[in-house]
Amino acid sequence: MTTASLRSALAAAGPALALLGIVAGFAFFDWQQDGESTFLTLRNLRVAIADALPVAVAALGMTVIIAAGGIDLSAGTMLALCAVVLAAALKAGYSAGTAALLAVACGAACGALNGALIASLGVVPFVVTLGTLGAFEGAAKIVADETTVRPARSDIPEWLGRLTSIQGDTLALGLPPGAWVLLALALAVAAVLRLTVFGRHLFAVGSNEKTARLCGVSVGWTKVAVYALGGLLTGAAGVMQFSQLNAGNPTSGLGMELKIIAAVVIGGGSLAGGRGGAFGTLTGVAIVSAIESGGFQLGWSNPVQQIALGAIIVAAVAADRARARSGG
């Protein structure tokens, strides 16, 4: 094996090795604390997975966007808007299936709006999505009439409530049903990225937009499609969040975009575009979740957990930049 291929293999395995190190470290210190590790229990794993589902599903959408050289700061408020739409639809008497489709469609429409603004105005995604971050939060408050939307329990079907449940009689093959939905979505995103013409086009746009245009790629339409797909997955994440809360809270997504973006970057996605993968992102989500769960087990305060997560994000970005400078 050549030095270049070895370096590439180590870079690809980096997030998984980091996850193993973090899990081992928290397990050791948790064991040192009381003589047994509650961190490495099946119940704690189920809780961590259930809690991470909204971020994980939205992060799959962010993977597509970042691979195409974009970013979406509005993902958190978009997610909350989709959850509010679902809750409002249920409260208005729509069936659960229709309400869930409305939530997903709302996400796709919001994403397409972001993509259209970026493509047509020529403004950097950071600025456009910073603007729509506030717009989507305002829209969620309007739909919710500036309160939390709580449908009657009788309006929430069993399957919707079970998606993120960890109760014994609701588990599917030992895990919350939403975990298997997440896996199916990850496989679908991986197939889109690696096996389709659209996937090749979005990586081309993310790597070098000018070259992609010269090669005949419709850059504008690709951006709209990328953000629409990211929004669709964010809408699905809104369904997961509703399953957790049984309500739609218009402010529940504030700050969530940071975890979503962090998961993609930690999992090997490049903020410069041109790189990213569904299963790398899931590894990034697992790292974020392990920090939160392990910190809770050790009694860390929320600010300490945020500092730890921030340090890992900086390390991941620094590693990405070092990789780019070395041509890895």
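Residues numbered from 1 in each chain as written. Predicted model: local features only at pLDDT ≥ 70, side-chain atom pairs only at ≥ 80, totals over all residues. Heavy atoms only, no water.

### Observations concerning the overall build of the protein chain
Cut-off, in case you're wondering: By the criteria applied, helices consist of DSSP H or I runs no shorter than four residues and strands consist of E runs no shorter than two, each listed in order from the N terminus. Note that the radius of gyration is over C-alpha atoms, with the globule rule given as 2.2 Å times the number of residues to the power 0.38. Using a 1.4 Å probe on the protein chains alone, a residue whose accessible area is under 20% of its type maximum counts as buried, one over 50% counts as exposed, and one in between counts as partly exposed. Surface accessibility follows the Shrake-Rupley procedure with a 1.4 Å probe radius. Residue values consider only the protein chains on display as shielding. Positive charge is attributed to Lys and Arg, negative charge to Asp and Glu, and no charge count is given to His or to the chain ends. A charge is said to be at NZ when it belongs to Lys, at CZ for Arg, at CG for Asp and at CD for Glu.
For the protein chain, the count of helices and strands is 13 helices and zero strands. When its helices and strands are written in sequence order, the protein chain yields α-α-α-α-α-α-α-α-α-α-α-α-α. A compact globule built from 328 residues should have a C-alpha radius of gyration of about 20 Å, and the protein chain, at 20 Å, falls within 12% of that. A principal-axis box enclosing the C-alpha atoms of the protein chain has dimensions of 60 × 55 × 35 Å. Within the protein chain, buried positions represent 47% of all 328 residues. Split by element, the accessible area of the protein chain, about 14,900 Å² in all, is 66% carbon and sulfur. Charge centroids of the protein chain, computed over 18 positive and 15 negative side chains, lie 13 Å from each other.

### Here's the deal with the packing of helix α2 (residues 42-67) against helix α7 (residues 177-195)
Selection criterion: Where helices are involved, their axes are fitted lines through C-alpha atoms of the stretch in contact, as for all axes, and angles between N-to-C directions lie from 0 to 180°. Oblique is the label for any angle not covered by the other classes, which are roughly parallel (under 35 degrees), roughly antiparallel (over 145) and roughly perpendicular (65 to 115). The sense of a crossing depends on the near helix, which, turned anticlockwise from the far helix by less than a right angle, makes the crossing left-handed and, turned clockwise, makes it right-handed. Contact between two residues is taken to exist if any of their heavy atoms lie within 4.5 Å; hydrogens are not considered. Amino acids are sorted into nonpolar (Ala, Val, Leu, Ile, Met, Phe, Trp, Tyr, Cys and Pro), charged (Asp, Glu, Lys and Arg) and polar (every other residue, Gly among them).
Put simply, α2 and α7 touch, their axes get as near as 10 Å, and they point 15° apart. In terms of orientation, α2 lies roughly parallel with respect to α7. As α2 runs across α7, the sense of the crossing is left-handed. Contacts between α2 and α7 involve I49, L53, A56, V57, L60, T63 and V64 from the former and G178, A179, L182, L185, A186, V189 and L193 from the latter. Here the residues of the contact of α2 with α7 are counted per class, giving 12 nonpolar, two polar and no charged.

### Focus on helix α10 (residues 219-245)
As a reminder of what qualifies: What a helix should span is 1.5 Å times the count of its residues minus one.
Helix length check: α10, at 27 residues, gives a terminal C-alpha distance of 39 Å against a target of 39 Å (1.5 Å per residue), a fit within 8%. α10 sits mainly inside the fold: 20 of its 27 residues count as buried. Count one or two residues on from α10 and you reach N246, which has phi positive near 55°.

### A few points about the packing of helix α3 (residues 75-91) against helix α11 (residues 256-266)
At their nearest, the axes of α3 and α11 sit 6 Å apart, and the two run at 115° to each other. For the pair α3 and α11, contact is made by A75, G76 and L79 and by M256, E257 and I260, respectively. Tallied by class, residues from the contact of α3 with α11 come to four nonpolar, one polar and one charged.

### So, the packing of aromatic side chains
Formally: In this analysis, rings of Phe, Tyr and Trp, with Trp reduced to its six-membered ring, are considered paired at centre separations within 6.5 Å, and the interplanar angle assigns stacked below 30 degrees, edge-to-face beyond 60, and tilted for intermediate values.
Summed over the entire model, instances satisfying the criterion amount to one aromatic pair. Geometrically, the ring pair formed by F28 and F29 is edge-to-face, given 5.4 Å between the ring centres and 75° between the ring planes. By relative accessible area, which is 42% here, F28 ends up partly exposed.

### Let's talk about the nonpolar core
One recurring pattern in soluble globular proteins is that nonpolar side chains are buried together. The test is simple: What makes a nonpolar core is a set of buried Ala, Val, Leu, Ile, Met, Phe, Trp, Tyr and Cys residues whose side-chain atoms join them at distances within 4.5 Å.
Membership of the largest hydrophobic core comes to 80 residues, with the highest contact counts inside it found for L60, L86, L90, L160, L202 and I260. The biggest single contributor to this core is α2, with 13 residues. For L90, the contacting residues outside a window of four places in its chain are S95, A96, A99, P151, D155, I156, L160 and F242.

### Concerning the pattern of salt bridges
Two side chains of opposite charge can pair, provided their charged atoms sit close to one another. Just so we agree on the cut-off: We count a salt bridge whenever a side-chain nitrogen from Lys or Arg sits within 4 Å of a carboxyl oxygen from Asp or Glu.
Taken as a whole and assessed by the stated rule, the structure comprises five salt bridges. Note that E158 and R162 form a salt bridge whose closest N and O atoms lie 2.5 Å from each other. A residue pair is termed a helical-turn pair when its members lie 3 or 4 positions apart in one helix, as E158 and R162 do in helix α6 (residues 158-162) at four residues. Assessed through its relative accessible area of 55%, E158 is described here as exposed.

### So, helix α5 (residues 125-143)
Condition: The arc in question is the one spanned by the directions pointing from the helix axis to the C-beta atoms.
Taking 1.5 Å of rise per residue, 19 residues should cover 27 Å, and α5 covers 26 Å from first to last C-alpha, within 8% of that figure. Listed as buried for α5 are P125, V128, T129, T132, L133, F136, E137 and A140. The buried residues of α5 all sit within an arc of 165° when viewed along its axis, so they share a single face. The elements touched by buried residues of α5 are α3, α4 (96-121), α10 and α11. Where α5 ends, the next residue or the one after it, D145, has phi of about 55°, a positive value.

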